[in-house]
Structure formats: structure tokens, C-alpha cells
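A look at the structure
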Amino acid sequence: MHRTIVVGSPRSDGRCATLADEMFEACIDECPEDGVSVVAVSSVDVAPCVGCDACRKALLKDDEAYPEIPEKGDPLAQCNLVFRSDASAHQCVIGDEMAEVRKHLDAADELIVVSPVYFSGAPAQLKALLDRMQPYFWSNLRERTKERRPCTLHVVREGGDPHGFDPLVGVVRSAFGVAGFKLERVVDWMGCFDEAGDIVADGRECELD
């Protein structure tokens with residue numbers, strides 16, 4: 001069992017980072033035999049999608065651009081769902097750290113996303129990562145709906161925006177959905193931090209449409 005935590009804040013030391021650290025420690029304490037990794041958009045170089053459509057065409061097995069896949073026994077070995085799919089054959093031509101991010105996503109049996117709300121939606125850095133999920137769209141992962149892996153979105157916000165955060169929920173559900181994840185829970189952490197950024201209350205689970 002492997003869990004991947006995606007931290008969608010551009011700040012490396014903000015409330016999202018605090019919450020993600022708590023979840024990371026909880027995963028280790030409660031499930032010491034399981035694997036857990038963190039992908040923070042504040043520390044990875046992920047460029048925006050340019051819409052070139054190169055990822056639509058699947059690579060051949062002897063193609064020089066075919067990615068190096070972690071072998072069985074590696075902490076980031078692909079979960080069974082991804083291993084049985086053709087996802088690895090659909091690759092982005094942009095040479096940045098998204099290839100490493102994909103290893104963490106491919107290994108995940110469960111995904112946890114922690115994100116702030118910027119004008120009802122995702123910060124630009126997280127949106128760039130979500131848009132780069134496009135190679136998965138062309139794979140057969142999105143068709144295997146009965147095998148999808150669970151995903152939880154934790155929303156860290158100030159509140160006061162009359163438009164809420166439905167756009168954030170929608171883009172997380174859509175982008176990770178094509179990679180074989182199913183958004184099952186959304187937890188709202190508004191008012192759960194003090195002025196110092198420490199957690200003082202538990203988040204509240206929201207109803208999903």
C-alpha cells in the first residue's frame with residue numbers, strides 16, 4: 001500500500017504544508033508498513049501544458065523516449081492498476097520534473113491532495129501540474145472506472161468568497177480522474193488554524209455532488 005500526498009500551495013511553509021506534514025506523520029504512525037510520499041508544487045519544476053498533443057500517440061516499446069519505470073520492490077513501483085494499463089506509453093515531451101511526479105502518482109494506491117483556494121480554484125502552480133495530466137487522458141486508465149483509486153481533497157481557505165470552491169473540486173476531480181483516481185472525500189479546513197498557522201480543530205467533511 002502506498003499513499004501519495006500532493007501539496008498544492010506555492011508556499012513551502014504555510015498552512016497547507018503544516019497539514020500535509022501532519023498527514024504524513026499520521027500515515028507513518030498508523031500504517032508503518034505502508035509507503036508514503038509527498039509531492040509539493042512549491043519544490044518541483046512543472047511547466048504548463050502547451051497543448052502540443054504529442055502525448056496522444058503511444059510510444060512503441062523500443063522508442064528511445066520510453067520512460068524508466070521503477071522495478072518491483074522499488075518504493076515507487078507502479079500500483080497494479082497502472083502497471084496493467086498503457087499509461088507509461090503516453091508521455092509528455094516537456095523535459096521537467098513532471099516525469100518524477102508521475103512516478104509518485106503511478107505508485108499511489110491512495111491519493112491525498114491538500115490545496116488552498118485562489119479565487120474559487122487552484123493556484124497556478126497546482127493548475128500547471130493538473131493540466132500536465134493530459135497524457136493519462138489518452139491512456140486507457142480513465143476507462144477503467146470500476147478500478148479507480150480513492151482520492152481525498154483537503155481544502156485550506158480563509159473563507160469569505162461568495163463563490164466558494166467548487167471550481168477547485170471540479171478540476172481536481174477531472175484531472176486526477178483521468179489518471180485512475182476517484183475523488184471520494186472533500187474536507188474543508190476553514191477556521192481550523194490559529195493566527196500562527198497551527199491546527200486547532202478538525203476539518204469538516206463536505207457533501208459531494
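What counts, and where the lines are drawn
- Residues numbered from 1 in each chain as written.
- Predicted model: local features only at pLDDT ≥ 70, side-chain atom pairs only at ≥ 80, totals over all residues.
- Heavy atoms only, no water.
- Core = buried A, V, L, I, M, F, W, Y, C linked by side-chain atoms within 4.5 Å.
- Buried < 20%, exposed > 50% of the residue type's maximum accessible area, 1.4 Å probe, protein only.
- Helix = DSSP H or I, 4+ residues; strand = E, 2+ residues; numbered from the N terminus.
- Contact = heavy atoms within 4.5 Å.
- Pairing = 2+ DSSP bridges.
- Right-handed = clockwise from strand over helix to strand, strands pointing away.
- Axes fitted to C-alpha atoms, helices over the stretch in contact; angles between N-to-C directions.
- 1 Å grid on protein atoms, 1.4 Å probe; cavity = no way out; pocket = protein on both sides within 12 Å on 5 of 7 lines; lining within 4 Å.
- Points joined across faces, edges and corners; volume = space filled by probe spheres on them.
- Nonpolar A, V, L, I, M, F, W, Y, C, P; charged D, E, K, R; others polar.

**Describing the nonpolar core**
By size, the foremost hydrophobic cluster in this structure holds 35 residues, and its most contacted members are Leu129, Met133, Leu153 and Phe176. Those elements that place two or more of their residues in this core are α2 (80–83), α3 (98–107), β3 (110–116), α4 (124–131), β4 (149–156), α6 (166–177) and β5 (181–188). With six residues, α6 is the single largest residue contributor to this core. Every residue in contact with Leu129, bar those within four places of it in the chain, is listed here: Val39, Val41, Val46, Met98, Val101 and Phe176. Listed in part, the 16 residues of the second largest apolar core include Met23, Val36, Val114 and Val187.

**Things to note about the pairing of β4**
When you tally the buried positions in β4, you get seven out of eight residues, the bulk of the element. Bridging between β3 and β4 involves six bridges; their strand directions are parallel. Pairing of Val114 across the sheet is with His154, part of β4. One ladder, built from seven bridges, connects β4 with β5; its direction is parallel. Each residue of the ladder has a partner; that of Thr152, found in β5, is Arg185. Once you follow β4 into α6 and on to β5, the crossover reads as right-handed.

**Focus on unusual backbone geometry**
With the exception of glycine, the majority of residues adopt a negative phi angle, and the majority of peptide bonds are in the trans configuration. Unlike most non-glycine residues, Asp53 shows phi in positive territory, near 70°. Structurally, Asp53 can be placed in the loop between β2 (35–40) and α2. Since its relative accessible area comes to 38%, Asp53 is described here as partly exposed. Non-glycine residue Phe119 carries a positive phi angle of around 50°.

**Brief notes about the sheet that holds strand β6 (residues 204–206)**
Read across the sheet, six strands follow the order β2-β1-β3-β4-β5-β6 without closing on themselves; strand pairing throughout is mixed. Either end of the sheet is taken by a strand with one partner, and the two such strands are β2 and β6. Looking at each pair of strands side by side, their axes are set apart by 25° on average, direction ignored. The pairing of β5 with β6 spans three bridges and is classified as antiparallel. In the sheet register, Asp188 faces β6, and the bridge partner there is Arg204.

**What about α3?**
Taken across its ten residues, α3 has seven buried, putting it largely inside the fold. All of the buried residues along α3 are Met98, Val101, Arg102, His104, Leu105, Asp106 and Ala107.

**What about the layout of surface pockets?**
Vacant regions in the atomic arrangement are exposed by a probe of water-molecule size rolled over the atoms. Estimated volume of the largest pocket: approximately 430 Å³. Every residue lining the largest pocket is counted, 19 residues in all, and those nearest its centre are Lys72, Asp74, Ala77, Gln78 and Cys79. Partitioned by chemical class, the residues of the lining of the largest pocket number eight nonpolar, five polar and six charged.

**Observations concerning the environment of Ala58**
Take Ala58: it is sitting in the loop between β2 and α2. By relative accessible area, Ala58 is classed as partly exposed at 35%. Here the alpha-carbon distance between Ala58 and His104, two residues 46 residues apart in the chain, equals 21 Å. Setting aside residues up to four positions removed in sequence, Ala58 forms contacts with Ala89 and His90.

The quantities given are spatial measurements derived from coordinates; they are silent on function.
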